[in-house]
Amino acid sequence: MAEHKVLILGIDENDPLDYERAEMADLDVEFVRGNPQSEGEAMELVRDADALMMRSTPYQGEQVLRAAEKAQVLAVYSHGFNQIDTDVCNEMGIIITNGAGMCMEEVSNQAVTMILCLNRQLIQYNERTKAGQWGRTEGPPIEPIDQQVLGLVGLGNIGRQVARKMFNGWRMKVIAYDPYCPPWIAQEYAVEQVFSLHELFERSDYISVQIPLNKETHHLMRKEHFDCMKPTAYFVNVCRGGVVREVDLIQALREGKMRGAGLDVFEQEPVDPDNPLLKMDNVIVAPHSAGQSTRSAWLARQRASQQVAAVLRGNWPSAGQNPEVASSLKRRDRMQSLEPKLEASREVLPMAVLPEG
Amino acid sequence: MAEETLKILYLGPQGGDTHDASSTEQQSRAARAYGAEFKHYSGSSEGELIEALKDADTVINQGHGWDPALFVHMGNNGRCKGLVSFGHGYDGMDLETASVNGVVLSNTASFGTEEVSNQTMMHFLVCSRKFVLHDKLVKAGEWTRQYLPPMGHITGETFGIVGLGNIGRAVARKAQAFGLDVIAYDPYRSSWDAKEYGVEIVSTLKEVAERSDYVSPHVFLSEGTYHMFSDEFFSAMKPTAYFINCSRGPVVDEPALIRALQNGEIAGAGLDVFEQEPVDPNNPLLKMDNVAVTNHYASYSEVAWERANTQLGEEAVRIADGYWPMSLINPDVKHNSPPRQDPISWEVMMANR
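About the criteria used
Residues numbered from 1 in each chain as written. Chains lettered and ligands numbered in written order. Predicted model: local features only at pLDDT ≥ 70, side-chain atom pairs only at ≥ 80, totals over all residues. Helix = DSSP H or I, 4+ residues; strand = E, 2+ residues; numbered from the N terminus. Buried ≥ 20, exposed ≤ 12 C-beta atoms within 10 Å, placed from the backbone. Expected span 1.5 Å × (residues − 1). Contact = placed C-beta atoms within 7 Å. Nonpolar A, V, L, I, M, F, W, Y, C, P; charged D, E, K, R; others polar. Axes fitted to C-alpha atoms, helices over the stretch in contact; angles between N-to-C directions. Parallel < 35°, antiparallel > 145°, perpendicular 65-115°, else oblique. Left-handed = near helix turned anticlockwise from the far one by under 90°. Pairing = 2+ DSSP bridges. Core = buried A, V, L, I, M, F, W, Y, C linked by C-beta atoms within 7 Å. Right-handed = clockwise from strand over helix to strand, strands pointing away. Arc of directions from axis to C-beta.

Asker: Just to check I follow, could you spell out the overall build of chain A for this structure?
Answerer: Along chain A, the regular secondary structure elements total 13 helices and twelve strands. Across its three principal axes, chain A shows a C-alpha extent of roughly 70 × 45 × 40 Å. With 357 residues in all, chain A has 45% of them scored as buried.

Have a look at this one:
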């Protein structure tokens, strides 16, 4: 019997698991692919697993987590892990890891795309031109973006990329609201930190949101914030729909509290075809595709596998998301140190040694 | 019952004037704004300090000695939950004893990032342009170009950084402005982070030595980095390359550096730090025309020190009021410490109050 059992939930039965195998080549691992059809079945599958890798499964609720008595790590392949109950994981001594960095270029590019499309009215002009209307003066004025203010909600991996691109590339003034961001990081990215969300909404010509969805951020942005926007400003959301109270956004757009919006995400996904946001001329949308690229598809698997490998080797993973788990780890005698280990250098080895997906 | 006032204990330089409140205006700023008490420690014995710690929530250490045995009276065994120290390096700190006792440690991370990276760039330019030698020659009445070659073009040359932390990244950004290709060795830094800064991560220290025209460490001093730059490293460097050090002297095996310079294995050096400080006036490094030296002041500017002083107070209040500090230097303490809130911006803490 192998030393570690790694369970991958919601994956094709015939998937060769190239990335998972490559990253854990030095470990004695048995891989199990699971596609449970019920919560009960999922509970049976997780019971003796040392690591859970959540590819795509609806069965990842509290009961399933509580059944994972042996699990040391739960890896999600995405950035967001809002579907996972962190309190239960903390209690169970399960380290949650995400795919930090796996799609920060992609998501920040999507935000920049949306900002530019809104500024240039590209989607609207595209539609009109294709419909045979040759009118350059219709629609709202196009402002000089280099004289405008970009307001970022969240200055993490992705927010910093948006800041860098819009500051270095477009010479925008960038301000950010992120109470968890150390001031020296904001300074490094030439970002002015503001300390109230209202101030950010008041001062920005474009607002771009890149924060995780959790209890604290659910409906973080709502009527009171949209009410203080400039009527000429745009709102862009490329993170999670639930951070915005969507009915308030719809109302604000209807009432002209802002000039338009770019949305990659919605409170309910797939989005309801009758959602009023889809009928508005000043709203541009995408199907939660911000993270996608040919690279992020395989990078997500590589990152998730690296995180699991680190934990199975007894090290705190570089993308560990719940340091509060520490006291449970201690109780279960699971991990000696939360400091990064030299083994993390596994990540700096050339990517060429791994199969290209 | 009214909440008890938070208390911050301040340890200033021993023998210095620590009783004058005006001298700690910056350090006490956060405590005053937050309604916490800021007390100067005035005792002189360990026993007095232990007593003082019993009546404080956080202690600030600015140039005062610190005996790790004091941790036993803190954290889970006493009122005082944490220690905030002035500076970047924490090579003198016993992290393990602190962690075992549940004592939260913080420093004034990044206070001098601009200054240290500027000092590094200055040393790099002085080396590359052979400034020390020519300043000396011209002042001595010698007007010659015979000592100029070999002299690199800078643009298109390679700058090797060891340690891509706050300072290393600032150096990378500035070096890129000169058109330098920046490579870095930092096993704790992921390749996607480095890509964000336009830096190529290399997987061995030796590769930095072999490929770089300028090498600059930005690591802290620890067992793992002590004498990290030795004969082996310098002999792998190009004979036209320069070695800059604005981090800590003992990360370099100094006799090895001296040998490399004397044997022409490297072209020169720019040094802000030495293995022994103050530096011995007879140190051969001080006699070389291809070595530029400064007296360990890379992090200094009034703005930086004000920022560090202010940050000391803010971190102390965070720890006192149940937050983690923004610059936690002993994460292992999380094993032994009751839960705390994630650190948030000082301005938001004030607004939430």
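Don't stop here, the text continues.
Asker: Looking at this structure, how should I read helix α6 (residues 166-177) of chain B?
Answerer: Owing to its 3.6 residues per turn, the α-helix aligns residues three or four sequence positions apart on the same side. The end-to-end C-alpha separation of α6 of chain B is 17 Å, in line with the 16 Å expected for twelve residues at 1.5 Å each. Among the residues of α6 of chain B, those classed as buried are Asn166, Ile167, Gly168, Arg169, Ala170, Val171, Ala172 and Ala175 of chain B. For α6 of chain B, the elements touching its buried residues are α8 (183-188) of chain A together with α4 (113-128), β6 (158-162), β7 (181-185) and β9 (214-217) of chain B. Remark: Gly179 of chain B follows α6 of chain B within two positions and exhibits a positive phi of approximately 80 degrees.

Asker: Would you mind showing me how to read the interface of chain A and chain B here?
Answerer: Interfaces are often sized by the amount of accessible area the parts lose when they come together. Contacts between the two partners involve 26 residues from chain A, matched on the other side by 26 residues from chain B. Of all the secondary structure elements, the ones that give two or more residues to the side of chain A that touches chain B are α8 and α13 (326-331) of chain A. For the side of chain A that touches chain B, the element with the most residues is α13 of chain A, which contributes three residues. Looking at the side of chain A that touches chain B residue by residue, the class counts come to 13 nonpolar, eight polar and five charged.

Asker: Can you walk me through the packing of helix α5 (residues 104-120) of chain A against helix α7 (residues 157-169) of chain A in this structure?
Answerer: Helices that pack against each other are described as a pair by the angle of their axes relative to one another and the distance between those axes. Residues and elements named next belong to chain A. Put simply, α5 and α7 touch, their axes get as near as 9 Å, and they point 50 degrees apart. Between α5 and α7, the angle falls in the class oblique. The two elements α5 and α7 cross, and the hand of that crossing is right-handed. Across from Met104, Glu105, Val107, Ser108, Ala111 and Val112 in α5, the residues of α7 making contact are Asn157, Ile158, Gln161, Val162, Lys165 and Met166.

Asker: Help me understand the sheet that holds strand β10 (residues 242-245) of chain B in this model?
Answerer: By way of backbone hydrogen bonds, the strands of a sheet pair with one another, either parallel or antiparallel. All names here are of chain B. The parallel open sheet is built from seven strands, whose spatial order is β8-β7-β6-β9-β10-β11-β12. Each edge of the open sheet carries a strand with a single partner, namely β8 (200-201) and β12 (291-293). For strand β11 (residues 268-271) and β12, the ladder comprises three bridges, and the chain directions are parallel. Among the inter-strand pairings, Gly270 is bridged to a residue of β12, identified as Ala292. Each of β9, β10, β11 and β12 touches α4; the most contacted strand, β10, lies at about 155 degrees to it.

Asker: Explain the nonpolar core to me, please; I cannot follow it from the model alone.
Answerer: Nonpolar side chains in soluble globular proteins tend to be buried together. With 101 residues, the main nonpolar core has Ala51, Leu52, Met53, Ile94 and Val236 of chain A as its most contacted residues. In terms of residue count, the dominant contributor to this core is helix α12 (residues 294-312) of chain A (eight residues). With residues up to four places along the chain from it excluded, the contact list for Ile94 of chain A reads Leu65, Ala68, Ala71, Gln72, Val73, Leu74, Cys89 and Val325 of chain A. The next biggest cluster of nonpolar side chains, apart from the first, holds 54 residues, and it includes Val171, Val215, Leu257 and Leu271 of chain B.

Asker: Just checking my understanding: could you explain unusual backbone geometry for this structure?
Answerer: Residues apart from glycine generally show negative phi values, whereas peptide bonds are mostly found in trans. Here the residue pair Glu269 of chain A and Pro270 of chain A is connected by a cis peptide bond, since its omega of -5 degrees sits within 30 degrees of zero. Inspection of the secondary structure puts Pro270 of chain A in the loop between β11 (260-263) and β12 (283-285). For the bond running from Pro149 of chain B to Pro150 of chain B, omega is -5 degrees, close enough to zero to count as cis. Tracing the sequence through the fold places Pro150 of chain B in the loop between α5 (131-139) and β6. With phi around 60 degrees, Arg171 of chain A is a residue other than glycine that occupies positive phi space. Within the secondary structure layout, Arg171 of chain A lies in the loop between α7 and β7 (173-177). A tally of 12 C-beta atoms within 10 Å means that Arg171 of chain A is categorised as exposed.

Asker: Looking at this structure, how should I read the environment of Val265 of chain A?
Answerer: All names here are of chain A. Within the fold, Val265 resides in the loop between β11 and β12. The class for Val265 is buried, based on 24 C-beta atoms found within 10 Å. Along the sequence, Val265 and Gln210 sit 55 residues apart, while their C-alpha atoms lie 11 Å from each other. Those residues in contact with Val265 that sit more than four places away from it in its chain are Asn237, Val238, Cys239, Arg240, Gly241 and His288.

Asker: Just checking my understanding: could you explain the sheet that holds strand β2 (residues 29-34) of chain A for this structure?
Answerer: Residues and elements named next belong to chain A. Reading across the sheet, the five strands line up as β2-β1-β3-β4-β5 and stay open at both edges, with parallel pairing between neighbours. Each edge of the open sheet carries a strand with a single partner, namely β2 and β5 (95-97). The mean angle between the axes of side-by-side strands here comes to 20 degrees, regardless of whether they run parallel or antiparallel. As judged from the six bridges shared by strand β1 (residues 4-9) and β2, these two strands associate in the parallel manner. Paired with Leu9 across the bridge in β2 is Gly34.

Asker: Looking at this structure, how should I read the pairing of strand β10 (residues 234-237) of chain A?
Answerer: If a strand is regular, its side chains alternate between the two faces of the sheet. All names here are of chain A. What you see with β10 is no split at all: Tyr234 and Val236 on one side and Phe235 and Asn237 on the other are buried throughout. As judged from the four bridges shared by strand β9 (residues 206-209) and β10, these two strands associate in the parallel manner. The partner of Tyr206 across the bridge, within β10, is Tyr234. Handedness of the β-α-β unit built from β10, helix α11 (residues 246-254) and β11 comes out right-handed.

Asker: Which parts of the structure should I look at to understand helix α10 (residues 254-262) of chain B?
Answerer: Residue and element names in this part refer to chain B. Buried within α10 we find Glu254, Leu257, Ala260 and Leu261. Looking straight down α10, one finds that the buried residues subtend no more than 120 degrees of arc, so they occupy a single side. Seen from the buried face of α10, the exposed residues on the opposite side, beyond 90 degrees, are Pro255 and Gln262.

Asker: Please clarify how the environment of Leu197 of chain A should be interpreted in this entry.
Answerer: All names here are of chain A. Checked against the element boundaries, Leu197 lands in helix α9 (residues 197-203). Spatially, the C-alpha atom of Leu197 lies 13 Å from that of Phe235, the residues being 38 residues apart in sequence. Apart from the residues within four sequence positions on either side, Leu197 is in contact with Tyr177 and His225.

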